[in-house]
Structure formats: structure tokens, C-alpha cells
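Listed below are the residues making up each chain.
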Amino acid sequence: MHLLSATAGLVLVNGVSYGLLLFMLSSGLTLIFSMLGVLNFAHASFYMLGAYFAYALSARIGFWAALIAAPLLVGAVGALFERSVLRRLRARGVLAELLATFGLAYVVVELVQLAWGRGPVDYAVPAVLDGTLIGIAGVAVPAYRLFLMLLACAIALLVWGTLRATRAGLVLQAALSQPAMTQALGYDVPALYTGVFACGAALAALAGAAGGNVLVTEPGMAATVGSVVFVVVVVGGLGSLGGAFVASLLIGLLQTWAVTSDASLVAWWPSAQAGALAPLAPLARLSVAQLAPAVPYLLMVAVLLWRPRGLAGVREG
């Protein structure tokens, strides 16, 4: 019983930490879509840039300074891209903006490979957090994972508080629903768009800077996590930060459980040895762990069948 509870506790810790990391990444994408109405295909590339910038800077200025500097640099890159490219394409419609972000994603991958090579880099956890803490039920929780969870919760509270309880947040919400009226009241709506895009890019970079040493920092990291982040946004509901938070935790827990599960599909497979399902019998031998990469997408299909706008959708796609 103790071993079972310890295993469940480890799955819970790893699932929550992974889910909160997904939220840090998806919150920026949710903000960008809420304000600009475009799904930014380069968002995961900003995540990758954050990890690589933090890796390069930490060797010179230390991890903690790099954790702040990397998101600021990537945020500046995002602001420059929005101001010089997306703003010019806005009159041509959403498709032109989407294609521009798609092209940027490929450019960033090529630049990263030219600068740091095609293999992974040695981005290590800071020495002060390179240890374990004894948690509930005797589960040894890595100190850095606990730091990741606290950071993600702090970011969630900061973003929610900014949007709900500050003048800047009220202006942003007004610009979302009534951009022409907001502009008429004297606010620079295009500058607000640039600021939101920069903040979204910085949040993605922060997720990369904080999570790149727990996961693997390599040129394929954007492609690995990018599709999952879009699943989080869709499952949570386009434009909903609260929905993205719930979806991130749900996907993190389900995928972590699936990876560690030794169950197979045999118990749920209906008489695969006979009838019309006979050709599909080999699928019954698959384990839940083998299907773990597909868990987010299966969840997305299930949620969309039940609720097409996602768990808490506030904006049509």
C-alpha cells in the first residue's frame, strides 16, 4: 500500500509540474489569440528561444539573471515581429498573419541550429535546486520541480490579477471587445496589440527558460511541445485563461499517468479475434504507455464532441 501511494504521489507531482509548465506556455498563446485573433504558430519557437537564450546567458550572468533576461529578450523579438510584420499584414486578414507566424517558426529553428547545432545542449538545473525534498507519503520531490510549480502558480495569479484588477487589464479587455471605441478614448490600440504579443512571447520564453533544463533543450523541442500547447488552448476554450489552466493540469496528469501505466487495451477490446474487428486485433496488444503521446489529442476529440467551444471558450475560432 505504501509503495502504491508513493507511486501515485510521484505521478501526481510530475503530472502537476508538467501541467503547470504547459500552462505557462499556453497562457501567452491564449493572450495573443484573445487580443489579436490569430493562432501564433511561432509561439513554441519563442519557448525554444527562451530555453536557448537562458542557456547561453546563464554561463555568463548566472541562472537567476538569465531567467529574467531571456524572456525580456524574446519579448523584444516578439514586439519587433508584431510591429514590423503582423501589423502590416493585419489588413490582409487572419490567414496572412497565420502564414507569417508559420514562416517565422521555421526561420527560428534554422537560426537555432546554426547557432547551437542540431544536438541537445547541456542546460543544467542550478546547483541550489539540484536536490530532492521529502514530500507527502514519502515521495521525494525534486526541488526544481517544486520551484517550477510555484513559479507557474505565481504567473497564473499575476496574469489573472493584471487582467481583472488593474487599469491596464480593463483597457485590454475594452480593446478586445470594442477596439474602435477604445481608440476613440485616446488609447493606442496598435501599441496595446504589440504589448500583448510581446508579453505572450515573454511568457513562452519564461516557460522555456524555466523548463528547458528539466526537459531537453534541443532544436526539436518546439515541435515536440508546440502541438500539445495548441491542444491545451483548444480543450480549455479559445481565449479562456481559466480553461487553459484546467486543460493544462488535466493533460499533464493524464499523460503522466499514461506514461507510467503498465495496462494494455486487451481488457477493453471487444472480441477482437472474431468478426469485423479481427484485422485490428494487433491494436489490442498496445499498452497504455505506448499510446501516451496520443492522450492529449484523444482528450481534445472527446472534449470537442461534448463541448465544441472547449471547457470555457469565450471566443469563436
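Above: the structure in question.
These figures come from a predicted structure and were not determined experimentally.

S.K.: Sorry if this is basic, but what is going on with the overall build of the protein chain here?
M.R.: Helix and strand content of the protein chain: 11 helices and 2 strands. In sequence order, the secondary structure elements of the protein chain are arranged as α-α-α-α-β-β-α-α-α-α-α-α-α. In the protein chain, which comprises 317 residues, the proportion classed as buried is 45%. Looking at the protein chain alone, contacts between residues at least 24 apart form 75% of all its contacts between residues at least 6 apart. Working note: accessible area of the protein chain is about 15800 Å², and carbon and sulfur atoms make up 71% of it.

S.K.: So what exactly am I meant to see when it comes to the pattern of salt bridges here?
M.R.: Under the criterion given, the structure shown has 2 salt bridges. Residue Glu-82 is joined to Arg-90 by a salt bridge in which the shortest nitrogen-to-oxygen separation is 2.7 Å. Residue classification places Glu-82 among the buried residues on the basis of a relative accessible area of 0%. Among the residues examined, Arg-90 registers a relative accessible area of 24% and is labelled partly exposed. Several salt bridges share partner residues, and in doing so they unite Glu-82, Arg-90 and Glu-97 into one network.

S.K.: I would appreciate a short explanation of the packing of aromatic side chains in the present structure.
M.R.: Ring pairs (aromatic) are described by centroid distance and by the angle formed between their planes. Per the counting criterion, the structure on display carries 13 aromatic pairs. Between Phe-41 and Phe-102, the aromatic rings sit 5.6 Å apart at their centres with planes inclined by 90 degrees, giving edge-to-face as the arrangement. Of this pair, Phe-41 sits in the loop between α1 (2–36) and α2 (43–61) while Phe-102 sits in helix α4 (residues 94–116), placing them 61 residues apart in sequence. When its relative accessible area of 33% is taken as the criterion, Phe-41 is described as partly exposed. Taking relative accessible area as the criterion, Phe-102 reaches 38% and is therefore assigned partly exposed. Between Phe-63 and Trp-64, the aromatic rings sit 5.0 Å apart at their centres with planes inclined by 80 degrees, giving edge-to-face as the arrangement. Residue class for Trp-64 comes out partly exposed when judged on its relative accessible area of 42%. Counting every residue linked through ring pairs, the aromatic cluster contains Phe-41, Phe-102, Tyr-106 and Phe-230.

S.K.: Please clarify how a nonpolar patch on the surface should be interpreted in this entry.
M.R.: A contiguous nonpolar patch, built from Phe-41, Phe-102 and Tyr-106 and spanning about 310 Å² of accessible area, is present on the exposed surface. Structurally, Tyr-106 is set in helix α4.

S.K.: What is the right way to read the environment of Leu-215 from this model?
M.R.: Examined against the element boundaries, Leu-215 turns out to sit in the loop between α8 (189–211) and α9 (221–236). Between the C-alpha atoms of Leu-215 and Tyr-18, which are 197 residues apart in sequence, the distance is 9.7 Å. Residue contacts for Leu-215: discarding those within four places in its chain leaves Leu-21 and Tyr-47.

S.K.: Could you clarify how one ought to interpret helix α5 (residues 143–165) in this entry?
M.R.: Quick reminder: α-helices carry 3.6 residues per turn. Residues three or four places apart thus point the same way. The terminal C-alpha atoms of α5 lie 32 Å apart, and with 23 residues this matches the ideal 33 Å at 1.5 Å per residue to within 8%. Within α5, burial applies to Ala-143, Tyr-144, Phe-147, Leu-148, Met-149, Leu-151, Ala-152, Ile-155, Ala-156, Val-159, Gly-161 and Leu-163.

S.K.: In this structure, what is going on with the layout of surface pockets? I would like to understand it.
M.R.: Regions of empty space are outlined by a rolling probe, equal in size to a water molecule, passed over the atoms. Roughly 460 Å³ of volume is contained in the second largest pocket. If you trace the second largest pocket, you find 22 residues lining it, with Leu-31, Leu-158, Val-159, Cys-199 and Leu-203 closest to the centre. Of all elements in the fold, only α3 (63–89), α5 and α8 reach the threshold of two or more residues within the lining of the second largest pocket. It is α8 that contributes the most residues to the lining of the second largest pocket, 9 residues altogether. Taken together, the residues of the lining of the second largest pocket break down into 19 nonpolar, 3 polar and no charged.

S.K.: Please clarify how the nonpolar core should be interpreted in this entry.
M.R.: One broad rule of soluble globular proteins: the nonpolar side chains tend to lie buried together. Core analysis: the largest hydrophobic core is formed by 82 residues, its most contacted members being Met-24 and Phe-46. The biggest single contributor to this core is α1, with 13 residues. Look past the residues within four positions of Phe-46 in its chain and what remains in contact with it is Asn-40, Val-74, Val-77, Gly-78, Leu-104, Phe-197, Ala-201, Ala-204 and Ala-205.

S.K.: Please explain the packing of α9 against helix α11 (residues 295–306) as it appears in this structure.
M.R.: Helix-helix packing: each pair is described by the crossing angle between the helix axes and the interaxial distance. Their axes nearest at 10 Å, the elements α9 and α11 cross at an angle of 20 degrees. Classified by the angle between their axes, α9 and α11 sit roughly parallel to one another. α9 and α11 meet at a crossing whose hand is left-handed. Counted together, Ser-227, Val-228, Val-231, Val-234 and Val-235 of α9 and Pro-296, Tyr-297, Met-300, Val-303 and Leu-304 of α11 form the full contact between these two elements. Residues that form the contact of α9 with α11 fall into these classes: 9 nonpolar, 1 polar and no charged.

Reading the values: rules and limits
What you see as residue numbers is a count from 1 along each chain, following the sequence as written. Selection of residues for local features in this predicted model requires a pLDDT of at least 70, selection of side-chain atom pairs for listing and counting requires 80 or more, and totals for whole chains, interfaces and linings are taken over all residues. As a convention, hydrogens and water are excluded, and side-chain values are obtained from all of the structure's heavy atoms. Starting at the N terminus, helices and strands are each numbered in turn, a helix being any DSSP run of H or I of at least four residues and a strand any DSSP run of E of at least two. Buried, partly exposed and exposed residues are distinguished by accessible area as a fraction of the type maximum, computed with a 1.4 Å probe on protein chains only: under 20%, between the cut-offs, and over 50%, respectively. In this description, contact between two residues means that some pair of their heavy atoms is separated by no more than 4.5 Å. Accessible surface area values rest on a Shrake-Rupley calculation with a 1.4 Å probe, where residue burial reflects the displayed protein chains alone. By definition here, a salt bridge exists when the distance from a side-chain nitrogen of Lys or Arg to a carboxyl oxygen of Asp or Glu is within 4 Å. Under the pairing criterion, centres of Phe, Tyr and Trp rings, with the six-membered ring standing for Trp, must be within 6.5 Å; the plane angle then separates stacked pairs below 30 degrees from edge-to-face pairs above 60, leaving the rest tilted. Nonpolar side chains (Val, Leu, Ile, Met, Phe, Trp, Tyr) within 5 Å and like charges within 9 Å form the patches, drawn only from residues with over 30% relative accessible area and no salt bridge. What a helix is expected to span follows from its residue count: subtract one and scale by 1.5 Å. Detection works on a 1 Å grid of protein atoms alone, calling trapped sets that fit a 1.4 Å probe cavities and calling open sets with protein on both sides within 12 Å along at least five of seven lines pockets, with lining residues defined by an atom within 4 Å of a point. Grid points are joined across faces, edges and corners, and a volume is the space filled by probe spheres set on the points. Under this grouping Gly is polar, as are all residues other than the nonpolar Ala, Val, Leu, Ile, Met, Phe, Trp, Tyr, Cys and Pro and the charged Asp, Glu, Lys and Arg. What makes a nonpolar core is a set of buried Ala, Val, Leu, Ile, Met, Phe, Trp, Tyr and Cys residues whose side-chain atoms join them at distances within 4.5 Å. Here an axis means a line fitted to C-alpha atoms, over the contact stretch when the element is a helix, while the angle between two N-to-C directions is reported on a 0 to 180 degree scale. Comment on the angle field: the value is read as roughly parallel under 35 degrees, roughly antiparallel over 145, roughly perpendicular from 65 to 115, and oblique elsewhere. By convention the crossing between two helices is left-handed if the near helix lies anticlockwise of the far one by an angle smaller than a right angle, and right-handed if it lies clockwise.

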